[in-house]
Amino acid sequence: MVKKSIKNKIESKYDFEKIEKKWQKKWETSKIFQVKENKKKKFYVLEMYPYPSGSGLHIGHAFNYSIGDIYARFKRMQGFNVLYPMGFDSFGLPAENAAIQKNKHPKKFTEEVIQNFIKQQKELGLSYDWLRILRTHTPEYYKWNQFFFLKFLEKGLVYRKKASVNWCSKCNTVLANEQVHQGKCWRHENVGVEVKQLDQWFIKTTEYADELLRDIDKLDWPERIKIMQKNWIGKSYGTEINFEIETPAHEGCSPEPSKKVWPIFTTRPDTIYGVTFMVVSTQHYDLDQLVSADQEKDVEKFLKKIKSVGKKNLEGLEKEGVFTGSYAINPVNGEKIPVYVGNFVVADYGSGMVMGVPAHDQRDFEFAEKYSIPMKIVIEPKDYEIYERKGQLAKAYTGEGFLVNSEEFNGTESKTAREKITKYLERKKQGRKTIQYKLKDWLISRQRYWGTPIPIIYCEKCGIVPVDEKDLPIKLPADVKFGKGNPLTTNEKFLNTKCPKCNGKARRETDTMDTFFDSSWYYLRYCDNLNNKKPFGKKKIDYWMPVDQYIGGAEHATMHLIYARFFSKVLRDLGFLKFDEPFTKLFNQGMLHGEDGYVMSKSRGNVVLPEEVSKKYGIDTARLFLVSIASPDTDIQWSSKGIEGSYRFVKKVMKHFGNIKIGKTDARIESKLNKTIKGVTDDINNFRYNLAIIKIRNLFDRIPEKTSKEVLEKFLLLLHPFCPHFTEELWQNLGNKSFLSLHKWPITNEKKIDEKLEKQEEQVDNLVQDINNILRIVKTKPKSAIIYVIPNEQDIYEDYLDKIQKRTNLNIRIYSASDKNKYDPENKSKKVKQGRPGIYLE
RNA sequence: GCGGAGAUGCCGGAGUGGUCAAACGGGACAGGUUUAGGACCUGUUAGCUUAGUGCUUACCUAGGUUCGAAUCCUAGUCUCCGCACCA
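Predicted, not measured: the structure shown is a model, and the values here were computed from it.

**Q** A description of the environment of Tyr689 should follow, citing residues and the corresponding values.
**A** Looking at the secondary structure, you find Tyr689 in helix H22 (residues 689-702). Sequence separation between Tyr689 and Ala630 is 59 residues, and the spatial gap between their C-alpha atoms is 8.3 Å. Filtering out sequence-adjacent residues up to four positions away, Tyr689 remains in contact with Ile67, Ile70, Tyr71, Val627, Pro632, Asp683, Ile684 and Phe722. Looking at Tyr689, its side chain comes within polar contact range of the main-chain oxygen of Ile67, at 2.9 Å.

**Q** Got a sec to walk through unusual backbone geometry? Specific residues and values, please.
**A** The omega torsion across Leu472 and Pro473 is -5 degrees, close enough to zero to call that bond cis. Structurally, Pro473 is set in the loop between strand S22 (463-466) and helix H13 (492-495). Put simply, Met545 and Pro546 share a cis peptide bond, and its omega is -5 degrees. Among the structural elements, Pro546 can be located in the loop between helix H16 (538-544) and strand S26 (547-552).

**Q** Any chance you could break down the protein's contact with RNA strand B for me, citing the residues and the numbers?
**A** Not every one of the 46 residues close to RNA strand B is listed here, only the nearest: Thr267, Lys319, Arg363, Asp770 and Pro837. Taken together, the sugar and phosphate atoms account for 63% of what RNA strand B places within 4 Å of the protein. Between Thr266 and RNA strand B, the recorded distance is 2.8 Å, taken from a side-chain N or O atom to a sugar or linking oxygen. Contacts to RNA strand B include Val346, whose backbone N or O atom sits 2.9 Å from a base nitrogen. Going through the elements one at a time, helix H8 (223-233), strand S11 (258-266), helix H20 (642-658), H22, helix H25 (755-777), helix H27 (801-808) and strand S34 (838-841) are the ones with two or more residues in the surface near RNA strand B. Tallied by class, the residues present in the surface near RNA strand B amount to 20 nonpolar, eleven polar and 15 charged.

**Q** Explain the nonpolar core to me, using residue names and the numbers behind them.
**A** Of all hydrophobic cores here, the largest spans 86 residues; its most connected members are Ile59, Trp638, Ile684, Tyr689, Phe715, Phe722 and Phe726. Here this core gets ten residues from one element, more than from any other, and that element is helix H3 (residues 59-77). Residues within four places of Phe726 in sequence aside, it is in contact with Tyr14, Ile19, Asp620, Val650, Val653, Met654 and Leu719. Counting residues in hydrophobic clusters, the runner-up holds 79 residues, among them Trp221, Cys499, Ile541 and Phe579.

Thresholds, definitions, all that
Residues numbered from 1 in each chain as written. Chains lettered and ligands numbered in written order. Predicted model: local features only at pLDDT ≥ 70, side-chain atom pairs only at ≥ 80, totals over all residues. Heavy atoms only, no water. Helix = DSSP H or I, 4+ residues; strand = E, 2+ residues; numbered from the N terminus. Contact = heavy atoms within 4.5 Å. Polar contact = N/O pair within 3.5 Å; in protein donor to acceptor, adjacent residues only side chain to side chain. Near = heavy atom within 4 Å. Nonpolar A, V, L, I, M, F, W, Y, C, P; charged D, E, K, R; others polar. Core = buried A, V, L, I, M, F, W, Y, C linked by side-chain atoms within 4.5 Å. Buried < 20%, exposed > 50% of the residue type's maximum accessible area, 1.4 Å probe, protein only.

Shown next, in the form of structure tokens:
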């Protein structure tokens, strides 16, 4: 009882809990953050929507969302019509697994989690337009995934192909790459993951590779993300060369010896005379055709060995291979060279086969050395040293030089030879100039339940038939049995259907879509999320899109951000949109680490919950602190002591506004105010929130006890995006009836910025320092200070008299140096200079 | 291997040619206030030196450019991140 009353006494001055609840409620009931298209200029602020995980929000999320909310509030105050929505990426494997573990249906589980998320997000004071919420697991949303899939199919951007998947025989299901730990299933340590070939759906992202690459330069994105995307797309120029390959007769499949032309891709056609072998990937789907009867056993043995090693092994894997029994003919000189199958060739880059030039490629060199394949030098560098060592190659020479052992091309410089040889091959119809990308087509099939069903039907007569648009959505059946693999494959009700073409017996596709499909267009749906006739209305899209400011983590640099860009481009070509790029600007926030320096996680036990922080300091303080630690694009660390500093500031502001006296303003504070407005506006615009807050704090330190209402109001405006709740409260206390949230952002009045006045501040600081310096040195304990100033500076120091007294803890008297009646026992007035007064302490 | 980012005082972190012994916050220390604790206020926080001064050493290391470098260049060390046998 006693304790409680003390607590109340202390905290009665700043009851943040009450204030925050009050304003959150007011914002909600007044619907001020709900937006519609209008004549104002729009601004679309978007945070990457979260995956609703069971553990809820931690303070790191609060950091992420604060960054966006501050920006949205700022832009709103600047007069833009701001679209700032939130939604949930609610399909996906983790939900399915979590649901299975907790024996709860994924839908129920997910929706409960989302409810909790929303509650937590609302408590952070985020200014979302909650009417625009979307959840990807609802048929209202995923219907359009299916719709777009069909559109893509129509346009020829979808195809079906065999591809390898990770398969656990115990789980009886496909595993995601993250679920494969060192070649074993994540749940069954002793079950090796098999690589199975399954028919899978692909989207032709590669069709847009070139445009995706080209348009990167248009984007106002962090440079490193752009570079990552460029590398990911990986464009390289080279030559495609046709090698004829002879495979000896093979009883059963091919009784006659077969001849087949294989194209290979190389960036170094200048080394073609140095080819001494060929290597095909172990994963190549046509590998069988190359293997002769004699070599069949060896190859099989080798393939088995490779598979048991596991797909993704650590670096430094030794290059290995075996002879296939086939020979290739070098198109330039007719040489017959052996074809190997090797573990170091990537199956889906180029044609899955490479020409081996051991003298001029390090990988080929290692392979040739191991299997004693001859090496032929065809490029000689300008300095001959490399080759004179022991008469043998120590390593491949991969640089430029002049051609040797290359018949008519001898003596040509390697760079020109690339052109010449390519042209030569083109003339002989044995090759052509070409471009290769590292970017691969997008495999969207997931053999899992919790995702969008792929709208395809397999008819016994007609084969693969797309679902009719009018039959969408193909709903995910609710009543399913979990346990063994994808429950859709055993759900007869779902499986059995009729062929839309012939009305005959047919089965549904049981694969669902990769959730990156969902996230590739969700930003469009926000613009018109309640539309049940179309994915979105054209007018609305034209008004709101593209997203002006996208905010999210760098971990999405290559996946989501490429898919979304691709999707937009396709939709543009399908006539749905008019723009090329969905996200004009991108900001990558840093990661918030726990107090121990590690990433926040439950298992580490370093998770800080926003509720806890809120309870102790209020969410305004938490927001302020999170963005003042450092620039928001760097990784930051939570500090339970650091937040005290922000709390102190907030309390100081509350206290100051608790006993203000409205009076006149003066040039000094006006200058400081306008300088601050200018700086803060610029800082927020560029996400330098930490610097903006420093400027705001500096301004606050200069606000006198008695000042104009306008100064106080402008201060609140500047602070509002960071601390929306208590600033609203103080705004109201000043007698305002309207929302601060809707008030216009202050505009800098350049005329009022006076550098002279700013300099005077510095002079005063210097004086205080000087006095304190003397105080430190002097052995006596002076009680007062006499200051001698040049006559025209007298006013400056008198203005600051109170402050100087406070900061030095002395009585201060000021005399003009020219004053004849001044008290000056030690003649210190002699020391007076411009901007530097004389000081006498006693 | 390739590509990217970075290294600042006790800590976090600004600063990217002079206005820098270097913003701001935290911590520590000192003083004030207070019945006490807390809270609050003020100051100090590289070293020496001085009634408010001056000097030296300082922004990863070693060189260099410059009248002048935390900031630019060269080399190196370390840290973090992305891709990874892409022919």
